[in-house]
Structures are given as C-alpha cells and as structure tokens.
Amino acid sequence: MTLRIHDTLRRKKVVFEPLDPDHVRFYVCGPTVYDFAHIGNARPVVVFDVLARLLRHLYPRVTYVRNITDVEDKINDRAKQLGEDIRSLTERTARQFHEDMAALGALPPDIEPRATEHITEMIAIISALIANGHAYEADGHVLFDVPSMPDYGRLSGHSREELVAGARVEVAPYKQDPADFVLWKPSTPDLPGWESPWGRGRPGWHIECSAMSIKYLGRTFDIHGGGQDLIFPHHENEIAQSRCAHPDAGFAKYWMHNGYLMAEGEKMSKSLGNFYTVHELLEEFPGRGEAIRLVLLQTHYRQPLDFTKDGIVQAKATLDRFYLALREAAGIAAAAFEAPDVMAALSDDLNTPLAISHLHEALGALNKAATDKEKAAAKGRLLAGGALLGLVQQDPEAWLRGAAEASDTGDAGIESLIAQRNEARKSKDFETADRIRDDLSKAGIVLEDKPDGTTVWRRA
RNA sequence: GGUCCGGUGGCAGAGUGGUCAUGCGGAGGCCUGCAAAGCCUUUUACGUCGGUUCGAUUCCGGCCCGGACCUCCA
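The structure presented is a predicted model; accordingly, all values stated were derived computationally and were not measured. (Residues numbered from 1 in each chain as written. Chains lettered and ligands numbered in written order. Predicted model: local features only at pLDDT ≥ 70, side-chain atom pairs only at ≥ 80, totals over all residues. Heavy atoms only, no water.)

## Focus: the side chain of T455
Selection criterion: Helix and strand definitions here come from DSSP, where helices need a minimum of 4 consecutive H or I residues and strands a minimum of 2 consecutive E residues; each element is numbered from the N-terminal end. Any pair of N or O atoms that falls within 3.5 Å is considered a polar contact. Within protein, one atom must be able to donate a hydrogen and the other to accept it, and sequence-neighbouring residues count only if both atoms are side-chain atoms.
As for its placement among the helices and strands, T455 is situated in strand β15 (residues 455-459). Within the structure, T455 has its side chain in polar contact with the side chain of N422 (distance 3.2 Å). In terms of polar contacts, T455 uses its side chain to reach the side chain of D449, at 2.9 Å.

## Some words on the environment of Y136
Threshold: A simple rule labels every residue: compare its accessible area, found with a 1.4 Å probe on the protein chains alone, to the largest value its type can have, and call it buried under 20%, exposed over 50%, or partly exposed in between. In this description, contact between two residues means that some pair of their heavy atoms is separated by no more than 4.5 Å.
With respect to the element layout, Y136 can be found in strand β5 (residues 135-138). Residue classification places Y136 among the buried positions, given a relative accessible area of 9%. Between the C-alpha atom of Y136 and that of Q176, which follows or precedes it by 40 residues, the distance is 9.0 Å. With sequence-adjacent residues up to four places away left out, Y136 is seen in contact with H141, V142, L143, F144, D145, Y174, K175, Q176, D177 and D180. A distance of 2.7 Å separates the side chain of Y136 from the backbone nitrogen of Q176, its partner in a polar contact.

## Looking at the pattern of salt bridges
As a reminder of what qualifies: Salt bridge, as applied in this entry: a Lys or Arg side-chain nitrogen positioned within 4 Å of an Asp or Glu carboxyl oxygen.
By the definition in use, this model includes 32 salt bridges. The partner of E91 in a salt bridge is R87, with the nearest N and O atoms 3.9 Å apart. Pair noted here: E91 and R87 are both in helix α3 (residues 86-103), with a separation of 4 residues, about one helical turn. Residue classification places E91 among the partly exposed residues on the basis of a relative accessible area of 26%.

## Considerations on the nonpolar core
The criterion, for reference: In this text, buried Ala, Val, Leu, Ile, Met, Phe, Trp, Tyr and Cys residues form a nonpolar core when linked through side-chain atoms within 4.5 Å.
Within the largest apolar cluster, 77 residues are counted, with the highest numbers of intra-cluster contacts made by F26, I39, L55 and F307. The element best represented in this core is helix α1 (residues 39-58), accounting for 11 residues. Apart from residues no more than four positions distant in its own chain, I39 is found in contact with L261, M268, Y276, V278, L281, I292, L296 and F307. By size, the runner-up hydrophobic cluster in this structure holds 41 residues, among which are V65, Y152, L230 and C244.

## Let's talk about the sheet that holds strand β13 (residues 305-307)
Here is the rule: Two strands pair under a simple rule: DSSP has to find at least two bridges between them.
In spatial order, the strands read β12-β11-β13; together these 3 strands make up an open sheet with mixed pairing. Every other strand in the sheet has two partners, leaving β12 (266-267) and β13 as the edge strands with one partner each. Pairing analysis gives 3 bridges linking strand β11 (residues 261-263) to β13, with the strands arranged parallel. Across the sheet, M262 pairs through a bridge with D306, a residue of β13.

## Details of empty space enclosed by the protein
Spelled out, the test is: Definitions used throughout: a 1 Å grid over protein atoms alone; a cavity as a set of points that fits a 1.4 Å probe which cannot get out; a pocket as an open set with protein on both sides within 12 Å along at least five of seven lines; a lining residue as one with an atom within 4 Å of a point. Grid points are joined across faces, edges and corners, and a volume is the space filled by probe spheres set on the points.
Tallying each qualifying case throughout the model produces 2 cavities of 30 Å³ or more. As for the largest cavity, its lining consists of 14 residues, of which L9, M149, R154, I239 and R243 are closest to the centre. Within the residue set of the lining of the largest cavity, elements represented by two or more residues are α7 (231-245) and β10 (251-258). In this model, the second largest cavity occupies a volume close to 40 Å³. Every residue lining the second largest cavity is listed: V47, V50, L296, L297, T299, Y301, L350 and T352.

Here is the structure:
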C-alpha cells in the first residue's frame, strides 16, 4: 500500500519512499523535562505513535527515536525556583512523562536518548561547523553563521532578511549577523557545564537533536517530526547545523508537523489557566487515558484542535459503545483481519478521523451480526483497525467498570445490590428493583438487564 | 509589516467538480415489567462576493472572521 505524507519542506502531500525499504528511520522531538507534559506535548507523541504503528505494519524494520532534552535554561530556572537538584528534577519529570504517555496508549520509542549523554557528539558537530567555516567563536560562545548557508530558511519559508527585519528580541552584541544562533555558550560554576575546546559551557537549544538523530539514524534518514511551533527556529536550525556539518548528507528526507492546540476555545496559556497537563486530566478522569487519546486522534493531525474536557466525556462515551459491543462478543474469538480500510485511511497522510469512522462501521457490523461467524469477522475487523490506532485494545470489562470512585460502593457492593434487585424482579417487586437501580444510577452505575435474566453494569 | 494555516449541518469532524462521510445530540418506531444497550427510520452544512464550468461546498480571485510563526513554547 502506498503511504502518502504531508512534507513540510515541499508543502504538500508526497509519496513516502524510504531511503532503505528494509529499514525505516524516524525521529521526533521529545520533551524538555522541567514540568508536567501538557496536552499540547501529548499531541505529537500520540500522532507519531500512530505513524510508528503504521510504519511497522508496512515495513520490516522501523527505528523510532524520540529524545529527552535534559539540559536547557528552563530546566536550570525551574530547579533554582524549586530549590531542587537539576538531575532530580529531570529524572522525576522524565519518569512522569513516561507514565503519562503510557496512559495515553503511546508505545515507547525504540531509542530514547538524553541530551546530557551526547555532549561529545554535539561538540564534534560544532567543531566540524567551525572547520567548515559555518560557525565562529565569539565572547565564549560559538555561533552558527547563518549567512554562510545560502538556502537557510527553506523549511519555515522565511528568508534571513525577513527574520532579521521581524526580530522581536534584542540582538546579542557578539553576533556577526542578527540571525546567527547559539551552538555553545559558557556556563558559570553554578550552572551545568562540560569542558569543551571553547571552555566550560553548555549546548545551545538545537544542537542536541542534530547530535542524537545523526548518532542513531545516520546523517541521512527518513522522517523528522514534531509540533508546528518547532518549524522555526528549532527545525530550521537543526537542518542548518546538520547539513553544513555534513555537506555530503541530506539529514531528514521528510518533515512532518502536527497542528496547534487550543483549550476550551481559547489559545492555551498559563495566564488563562487553561493549560491542561496530562497528569491533571488523568486525575480528573482516572483510567481514561484512552479517551484523551481518542480526542487527539479524532481531529486530523495537521488541523488545529480545540481540546475540551467535554470532548473527553464524549470520547469516553464513544469508547463505552465500542467496549460494550466487545463485552457482548467476549466469548467469540476474533477472526484474523487486516483492516484494509483503516490502513488505507492512515496511509493517506494519517487520516485518523476517517480511520475512526471505519472503526464505527466495524462496530455497526458487530452489533448487527446475527451469527457467530459474522461476529468473529466484525470483531476481528474492529480489533485489527483499533490496533493500528492504538484504540479499543483493553479488556472490555476493565474499561467498563473503570476505577471505583469514593462516592460509590465498590464492585462487590454493586454486585450485591444487583443480586438484591434481581431477587425483587423475580418476585415482581418492581418498586424495590427500580429504587435500587435509581440509587446506583445516582452513584454513576448504569445497569443493563440481559434477556437471560442476568444484569451487567458499567460506570458512567 | 512579512509569511502561513483554517472557516462544513445544534455540536465534534472527514471528504468530494454532479448518489452516503462518521459520531454525538434531536424526533419517531422496534425491543424491555420499566429502563439500559442494540436495531430501524428521520432531521439540518459547506464564511462572503465574484469568476471558470452544463454543474462548485470542492478549482481561481477579492473580501470578512479566527489562529499561528517571524531567535530558544509540542
């Protein structure tokens, strides 16, 4: 099946042709670990998780690298503010990130390198840039010489002149050109630093991704992804550094970027207080990470997405329908199925909303299936399509029962009340039966009487 | 100022030059002791003004509205 992806560099959908059809390599910019991941950090993780799943179906071998940036001035500032050791802050934040992303059903990348473990590689690239005449040392800093690269700005579509003209930030006096950016900067004794040919210092923002992508994927690899906000300056500068250090190589062949996120109809911002972290959403919706994942995949990855809590509630209800049908079919073995419809949707630039509509079609087929054979086929179709999206793979009973909340009586208490109610139903005491059901309903428990006299339940 | 993206039915959200998105919600029905779930039927769209065309929501242009980026926010 032909995979088409939108390439930021060419600004259109193109056919994906791997450099090596036996081994696809891609890199996604990971988090800078100084704070909880917010929902905007989660979008690229979930989107590129789907890409990884798809690529693994299409190609024999895939290497997916996502870094952790654990040296950065925001980390230093946060550590100082908290009075916490830098290492402790980055470790703690990275661990939390892993937990949160796992809750969203994102599989870990194949390699997750850390910036602080690749200082040597960064220094090597910077040295090569100086040797090539693309970087210079000034006032303890090493800067990339932007005018030395004629096609700088291709990815973002900004010319150097535009960037200089639009600059909002004061230009540091040691820069030869206002567009030049820092590769290496000096560190004071209280800040993290490493010995280098230019004295004790620390890396600039962009160099770590160049160093780590090249180390694990080679000087030329297939796909580089990230959020749209990284196009400039981060990815633009990554390209500049990487290609000028290795003029013979191409760096990333395709660039993919996910769209922005809003929250509750407004631009996410800390001042508006609508900056949802994944952690707090999981606290409010315990065990419902998959609903958050569904919200993120219900909108095409390049479209702007307005993230709302109501959206999570809706997505949870949608997943209930899927798991309700799967619970009904629990005794039926799923037939092997390849989900060509979901595959086709995803192969067209990750059209996850269309793919999800095919999941709904499979759900309809499962609900309408009259025979076990039809049920097995529909269930197989649903699960196979869901696997590509990382959806509907949980145990239906576990999902539907959810996590017990403080307000309810717990699973055993619920079972006991249901038994009481069924006794009442048998003796036609519907008043008592309905009272028990109403009480449970108020506690968020929904009952469903089956034709054979049994009753199943779920947490709303 | 420059560059770029988007505006689809009550809501969410795909897609297409001329029969259907899909889901939620609403209405009616079947089923049920009543519900719940499921099934069936049904309801309403393509910002605006022009152009191209036999025909445009889909292509082109203007305008309006919203958003993003222009040196370190995914």
